[in-house]
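Each chain, letter by letter, is given below.
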Amino acid sequence: MPLGFHRKPTGLPGEWFYCIKHAKVEEGPECPAKDRLGPYATREEAAHALETAEERNREWKNDDRWNDRPSEGGES
């Protein structure tokens, strides 16, 4: 059997995750890392994981430090 399959998810009780595969909040975690966002400090934060990710993606998209566009006023 190839290595890496059937591993138990890692995490601690009290850490909250959002599983994107099952669209649910979980403590511990229950699902593999490839299917989850987190850890978050609270259940409420994990419940809003998709909104948080969308907001961060929007901020990064508009951040000049992450774009290949030349900055205004010449090169830095």
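Read on for a plain summary of the structure. (Residues numbered from 1 in each chain as written. Predicted model: local features only at pLDDT ≥ 70, side-chain atom pairs only at ≥ 80, totals over all residues. Heavy atoms only, no water.)

## Here we look at the overall build of the chain
On a plain count of helices and strands, the chain comes out with two helices and three strands. Going residue by residue from the N terminus, the α and β elements of the chain occur as β-β-β-α-α. Counting only contacts in the chain whose residues sit at least 6 apart along the sequence, the fraction spanning at least 24 positions is 23%. As presented, the chain carries roughly 6500 Å² of accessible surface, and 52% of it is formed by carbon and sulfur atoms. (Helix = DSSP H or I, 4+ residues; strand = E, 2+ residues; numbered from the N terminus. Contact = heavy atoms within 4.5 Å. Areas by Shrake-Rupley, 256 points an atom, 1.4 Å probe, with all protein chains shown as cover.)

## Re the pattern of salt bridges
Following the criterion strictly, the structure yields four salt bridges and no others. Notably, a salt bridge pairs Asp 35 with Lys 34, separated by 3.6 Å at the nearest N-O pair. Residue classification places Asp 35 among the buried positions, given a relative accessible area of 10%. For Lys 34, a relative accessible area of 67% puts it in the exposed group. Here Arg 65 and Asp 63 are joined by a salt bridge, their closest N and O atoms 2.7 Å apart. Using a relative accessible area of 71% as the deciding quantity, one classes Arg 65 as exposed. The exposure class of Asp 63 is buried, given its relative accessible area of 15%. (Salt bridge = Lys/Arg side-chain N within 4 Å of Asp/Glu carboxyl O. Buried < 20%, exposed > 50% of the residue type's maximum accessible area, 1.4 Å probe, protein only.)

## Some points on the environment of Glu 30
Here Glu 30 lies in the loop between strand S2 (24–27) and strand S3 (36–40). With 12 residues separating them along the chain, Glu 30 and Tyr 18 place their C-alpha atoms 9.9 Å apart.

## Some points on the environment of Ala 46
Considering the arrangement of structural elements, one finds Ala 46 in helix H1 (residues 43–47). Separated by 10 residues in sequence, Ala 46 and Arg 36 have C-alpha atoms that sit 10.0 Å apart. When residues no more than four places from it in sequence are discounted, the contact partners of Ala 46 are Trp 16, Phe 17, Tyr 18, Val 25 and Tyr 40.

On their own, these measurements won't tell you what the molecule is for.
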